[in-house]
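A structural walkthrough
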Amino acid sequence: MSKNKLKTEKPESKKPPKSPAPNPDVLKKDKEPEVKVKELVKDERTHKVLGVFFLLLSVYCFIAFTSYLFTWEDDQDKIFHYSTRELFFGDVKVDNLLGRLGAYVSHNFFFYGVGIAAYLFCYFFFIIGVNFIVGRRVFRIWRSIKYILFGVLFISMTMAFAIGGGDFPWGGALGDALNKWTTGFVGKTGTALLLLVVGFSWLIWKFNFDFKWPEKKIKLPKPVPAAAPVAPVMQTTAATPAATAKEDARKNGLREEGGVMVIPPHAEPEEDEEDLPPMQLVEREDITVIPSAHAAYLPPEPAYENEPPVEEEEEEEEEDPGPLLYIEEMPEQPLAPVSKKKGEPVEVAFEIKPTYQDEEDEVEEIAPTRPVEPVDPYDPSLDLRDYKFPTLDLLENHNADKVIVQDTAELEKNKNQIIDTLKNYDISIQKISATVGPTVTLYEIVPAAGVRISRIKNLEDDIALSLSALGIRIIAPIPGKGTIGIEVPNVKKTIVSLKNMLASEKFQTSTMDLPIAIGKKIDNENFIADLAKMPHLLMAGATGQGKSVGINTLLVSLLYKKHPSQLKFVLVDPKKVELSLYKLIEKHFLAKLPGEDDAIITDTKKVIHTLNALCIEMDLRYDLLKEAGTRNIREYNGKFTQRRLNPLKGHRYLPFIVLVVDEFADLIMTAGKEVEMPIARLAQLARAVGIHLIIATQRPSVNIITGTIKANFPARVAFKVSSKIDSRTILDIGGAEQLIGQGDMLVSFNGELVRLQCAFVDTPEVENVAEFIGNQKGYPDAFLLPEYVDDKDPDGRELSIADRDPLFEEAAQVIVTTQQGSTSLLQRRMKLGYNRAGRLMDQLEAANIVGPNMGSKARDVLVKTESELNEILNNLL
Ligand SMILES: Nc1ncnc2c1ncn2[C@@H]1O[C@H](COP(=O)(O)OP(=O)(O)OP(=O)(O)O)[C@@H](O)[C@H]1O
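Rules and cut-offs
- Position numbers for residues count from 1 along each chain, tracking the sequence in the order it is written.
- Local features in this predicted model are restricted to residues of pLDDT 70 or higher, and side-chain atom pairs are both shown and tallied only at a pLDDT of 80 or more, whereas totals for entire chains, interfaces and linings draw on every residue.
- A helix here means a DSSP run of H or I that spans at least four residues, while a strand means a run of E at least two residues long, and both kinds are numbered starting from the N terminus.
- Whether a residue is buried, exposed or partly exposed is read from the other C-beta atoms within 10 Å of its own C-beta, which are placed from the backbone; 20 or more gives buried, 12 or fewer gives exposed, and intermediate counts give partly exposed.
- We call two residues in contact if the C-beta atoms placed from their backbones are at most 7 Å apart.
- The span one expects for a helix is its residue count, reduced by one, times 1.5 Å.
- By convention here, the C-beta atom is placed from the backbone, and a residue is near a molecule or strand when that atom is within 6 Å of it.
- Charged means Asp, Glu, Lys or Arg here, nonpolar means Ala, Val, Leu, Ile, Met, Phe, Trp, Tyr, Cys or Pro, and polar covers whatever is left, Gly included.
- Between any two strands, at least two bridges found by DSSP are needed for them to pair.
- UniProt positions are given in the numbering used here, feature names are shortened, and annotations may be inferred rather than shown by experiment.
- The quantity called pLDDT is the predictor's confidence in a given residue, expressed from 0 to 100.
- Here the axes come from fitting lines to C-alpha atoms, over the contacting stretch only for helices, and the angles between their N-to-C directions go from 0 to 180 degrees.
- Angle categories: roughly parallel below 35 degrees, roughly antiparallel above 145, roughly perpendicular from 65 to 115, and oblique for all the rest.
- By arc we mean the arc of the directions from the helix axis to the C-beta atoms, nothing more.

Scanning the protein chain for helices and strands turns up 30 helices and 23 strands. When each of the 877 residues of the protein chain is scored for burial, the buried share is 36%. A separation of at least 24 residues holds for 69% of the contacts in the protein chain among residues at least 6 apart in sequence.

Below, the structure is given as structure tokens:
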């Protein structure tokens, strides 16, 4: 308080006695102009005015100079003849476009100055003008002054030397003087050589041409002075240039990969390298060896968003220390995980980037705070680098190679029958054509003029009945064609083999994220779609109509295109038998809950847990995407593989996850909303983070395929269903009840309804593929989904004594004596499986002996002494 008072009182109490009250008028006069000048100088309008002035000056000089080139002879006489005063104030007539001033200025610049190099001054005024007007340094002033000075000296002297001596002052007085002195000093030839040397040196300096001699080793542009921290590099003779260091590194058994020197595995020296001396590490000052982990990792982009202000760079430039070795700054964060398998190359990376500090572009592009070019993109497949994709010979042809030949008699018979039947209903036709597909033949009819299509549509059932064939579907009209289609089943059907579809060029060359070969259209075109774009698939079909084959087709298609690191399946199979074949690929392609023994989920309760775990995974992925500033999994993984995301911050390569539910109706019947809600949530949101759903059901009734589910599954597939209502539920349109089964299907996708024959893959084939993959080295475990803790789950909560694990007390003793709430400790000490140890931990939590689950960290132990524990245990009894 007192201090404050003193402070405020000071000026008032001291001022009066020291100096008399100043005259306000005097004060005003002294201070006001000072403030105004400062403000004026800072005012951006002043800058703009100056900018305009310099630009006009530049234009003025340019016009005057150019005009001088043509008028100099006459004007020069007048300028010599008249005095400056007369020139300015007299009535002298000159030819220069810009009058006497133009002639006078040009003459001085050219004749008494620098000759033709005077144009460089126009450039100088121009860049000053632009910088002032734009308000920031578009052009580097110091750099430009250096170039201009050099240019003025060099051009004026060269001009004077090459074409001087005549009447026109090509090199000006400066050029003549320089030329005179130099020719006197080194002779004409010497001057010519000197000018050539200077000229070429400048060009080399500026453009750094690559002079390559065919057989010679690559040379880096210049030997470089020490500019980087001392670090170990490969043995080499002292002070050799960086390029030689690379050469030596190669001799020492290193090979170069994308600018990175890689030491081949020590365990397996290459035969032809056996005689080479062993690699040694010595210290070299001109090269930094960056541990590959650091060299390869690039920190996230946002770290570089604030670039250093240009002014600072300029100050640095002024020192112009000549060529420097640019050493990459080591990013703080380590890189994406590099697999460290035995025998795998150890990477020792060094970055050598020559740059010149006064090289504008280069300084800007590789200033130390900017990210560097990725050394080596992260390859997620490296963990299973020897993985072999399944081969096509594991699949069967099913005699599908035969060209579909429809019996012409059958075609004729059907055609006549169609015409006759339509006639019965007074419908005459203009034209009829047939397209023979693998299962059905499409007869396309152009009705006679005046026949209303709606009439044919209304008669659909009657016509089908009259044609007396099962599986007739009438499409009236065929969208986009204006014709009417009648699909009639073929007597002889052709199987569409998955093998042929997978062998097709369309599939082999597809760049889709999740390509699925579904089947063949009526015109025998392969229907291959991207599940990632669909983005989910709802599948319905009565029992025995080809649903299971359909699911296998989709799964096998994906297995043929995707590496285990890129794709994981979550398989839900309440029928317990349909998807069990895929158990073999658990360690390659399946995902499961932590602690689960079986990756294929058959139990409803576990399905709920898994679906919720998937929702957690989805949320986690969204967090990662957000943090990485990416919108979808593709962008995210792209950034991750370029090593622009830091794994230590939780970033990881995200494989696609495809959830397959084989019998959805079953789940809804037993678990209702508990299953519907997470499925709906996933269907709504999961596409961007690479989680896609394939949901199949036998009973496509409205209480199973609810509005919420339907709204989020734009792509739907129907095999034959038992009623038109079912067809409407699944496809929003009838027709699926008319299908003939055995893989005959309708796909509603992108607003189109297409009839397909589903590609066929038999169980033994799936077994072959699963075995082929399963026999290869996989990951240590299935892909683990995040743990989901069900609050309503009675397990581990208020437990009755009967529910408590018999090992409960023993576990409590272990935890309290060690004071470590860790599940793995229980597993080790008591030789338990993860599931049981986890359950015990939950029970200990319910009894308030340990705290809640803290993810990867051990739980808190709430009971500190054994006596305290005994008390609790006694109370529990
Ligand atoms: N695309 C197809 N091409 C040829 N035949 C097929 C095709 N799909 C299925 N079939 C035949 O239909 C039979 C039944 O198919 P699938 O087992 O897929 O039926 P489903 O709908 O899954 O039956 P469920 O619901 O009872 O499991 C198969 O054994 C096979 O003979």
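Back to the text.
Let's shift gears to helix 20 (residues 604-628). Because the α-helix completes a turn every 3.6 residues, residues three or four places apart line up on one side. In a regular helix each residue adds 1.5 Å, so 25 residues correspond to 36 Å; helix 20 covers 36 Å between its end C-alpha atoms and thus fits that length. A positive backbone phi angle near 65 degrees is found at G629, which sits one or two residues after helix 20.

Close to the ligand lie 14 residues; G546, K547, S548, V549 and G743 are nearest. Residue contributions to the shell around the ligand peak at 3 residues, all from helix 18 (residues 547-561). Of the residues belonging to the shell around the ligand, the class tally is 4 nonpolar, 9 polar and 1 charged.

Extensive coverage of strand 18 (residues 656-661) is indicated by the burial of 6 of its 6 residues. The side-chain alternation of strand 18 yields two buried faces, one formed by F656, V658 and V660 and the other by I657, L659 and V661. Across 6 bridges, strand 16 (residues 567-572) lies against strand 18 in parallel orientation. Along strand 18, the bridge assignment pairs L567 with F656. One ladder, built from 5 bridges, connects strand 18 with strand 19 (residues 691-697); its direction is parallel. Residue pairing across strands places L659 opposite L693, the latter belonging to strand 19.

Once that is clear, we can look at the UniProt feature "transmembrane region" (unreviewed entry) in the protein chain. The positions UniProt marks with the feature "transmembrane region" (unreviewed entry) are residues 49-70, 109-135, 147-165 and 185-205. From the first C-alpha to the last, residues 49-70 spans 32 Å; its make-up is 100% helix and 0% strand. Note that residues 147-165 is 89% helix and 0% strand, and that its end C-alpha atoms are spaced 26 Å apart.

With 73% of its residues at a pLDDT of 70 or more, the protein chain has an overall mean of 75. Contacts of residues 1-33 to residues separated by more than four positions or lying in other chains number 1 contact, the stretch itself having pLDDT below 50. For residues 215-372, every residue scores under 50 in pLDDT, and the model assigns this stretch 226 contacts once sequence neighbours within four places are set aside. In the predicted complex, the global pTM is 0.54; the interface-specific ipTM is 0.97.

This part takes up unusual backbone geometry. The linkage connecting M534 with the following residue, P535, adopts the cis geometry, with an omega of -15 degrees. With respect to the secondary-structure elements, P535 resides in the loop between strand 14 (526-530) and strand 15 (537-540). Residues other than glycine seldom take positive phi values, yet N524 does so here, at roughly 65 degrees. In this structure, N524 sits in the loop between strand 13 (515-521) and strand 14. Look at Q819: it is not a glycine, yet its phi comes out positive at around 55 degrees. Relative to the elements of secondary structure, Q819 occurs in the loop between helix 27 (808-818) and helix 28 (823-830). For Q819, a count of 12 C-beta atoms within 10 Å translates into the label exposed.

With that settled, consider the sheet that holds strand 9 (residues 429-436). Taken together, 4 strands build an open sheet; the order of strands is 9-10-12-11 and the sheet is antiparallel. Bordering the open sheet on either side are strand 9 and strand 11 (473-475), each of which pairs with just one other strand. The average angle at which neighbouring strand axes cross in this sheet is 20 degrees, direction not considered. Here 6 bridges tie strand 10 (residues 440-447) to strand 12 (residues 484-489), and the two strands are oriented antiparallel to one another. Across the sheet, L442 pairs through a bridge with E487, a residue of strand 12. The sheet strands contacting helix 13 (residues 408-424) are strand 9, strand 10 and strand 12, and the helix crosses strand 9 at an angle near 145 degrees.

With that out of the way, let us pick up the pairing of strand 14. Burial along strand 14 is one-sided: the residues F527 and A529 are buried and none of N526, I528 and D530 is. Of the strand pairs in this sheet, strand 13 and strand 14 are connected by 5 bridges, and their pairing is antiparallel. Among the inter-strand pairings, G519 is bridged to a residue of strand 14, identified as F527. The turn linking strand 13 back onto strand 14 is made up of 4 residues, and N524 within it adopts a positive phi angle of 65 degrees.

If you trace the 9 strands from one edge of the open sheet to the other, you get 14-13-22-21-20-15-19-18-16, paired in mixed fashion. Bordering the open sheet on either side are strand 14 and strand 16, each of which pairs with just one other strand. Across the sheet, the axes of successive neighbouring strands diverge by a mean angle of 30 degrees, strand direction being ignored. In the sheet, strand 15 pairs with strand 20 (residues 715-718) via 4 bridges, with the strands oriented parallel. Paired with M539 across the two strands is V717, which belongs to strand 20. Relative to the sheet, helix 18 contacts strand 13, strand 15, strand 16, strand 18, strand 19, strand 20 and strand 22 (752-758), its axis offset from that of strand 13 by approximately 130 degrees. Most of the contacts of helix 25 (residues 724-731) go to strand 20, to which it runs at about 155 degrees, and overall it touches strand 15, strand 20, strand 21 (744-749) and strand 22.

This part takes up the packing of helix 5 (residues 99-114) against helix 8 (residues 172-207). In contact at an axis separation of 2 Å, helix 5 and helix 8 are set at 10 degrees when each is read in the N-to-C sense. By the angle between their directions, the pair helix 5 and helix 8 is classed as roughly parallel. Residues F110, F111, Y112, G113 and V114 of helix 5 pack against G172, A173, L174 and G175 of helix 8. Its residues placed into classes, the contact of helix 5 with helix 8 shows 6 nonpolar, 3 polar and no charged.

With that out of the way, let us pick up helix 27. Within helix 27, burial applies to F808, A811, A812, I815 and V816. Each buried residue of helix 27 sits inside an arc of 125 degrees when the element is viewed along its axis, so together they form one side. Looking at the packing, one finds that the buried side of helix 27 touches helix 28, helix 29 (834-846) and helix 30 (866-876). Looking one or two places after helix 27, you find Q819, whose phi comes out positive at around 55 degrees.

Now for the environment of Y147. Note that Y147 resides in helix 7 (residues 141-163). Y147 sits in the partly exposed class, given 17 other C-beta atoms within 10 Å. Along the chain, Y147 and L120 lie 27 residues apart, while their C-alpha atoms are 9.5 Å from each other.

This part is about the environment of K720. With respect to the helices and strands, the residue K720 is situated in the loop between strand 20 and helix 25. Since 26 C-beta atoms lie within 10 Å of it, K720 is described here as buried. Sequence separation of K720 and G541 is 179 residues, and the distance between their C-alpha atoms is 5.3 Å. Beyond its immediate chain neighbours, meaning those up to four positions away, K720 contacts G541, A542, Q545, A736, L739, I740, G741 and D744.

With respect to the element layout, A782 can be found in the loop between helix 26 (763-774) and strand 23 (783-784). The exposure class of A782 is buried, given the 23 C-beta atoms found within 10 Å. Measuring from C-alpha to C-alpha, the distance between A782 and K568 comes to 8.9 Å, with 214 residues separating the pair along the chain. With sequence-adjacent residues up to four places away left out, A782 is seen in contact with E586, K587, L590, A591, K592 and A599.

A separate point is the packing of helix 3 (residues 44-81) against helix 5. Contact geometry for helix 3 and helix 5: axes closest at 8 Å, N-to-C directions at 90 degrees. Between helix 3 and helix 5, the crossing angle belongs to the class labelled roughly perpendicular. Of the residues in helix 5, those in contact with C61, A64, F65, S67, Y68, D75, Q76 and I79 of helix 3 are G102, A103, Y104, V105, S106, H107, F109 and F110. Class assignment for the residues of the contact of helix 3 with helix 5 results in 10 nonpolar, 5 polar and 1 charged.

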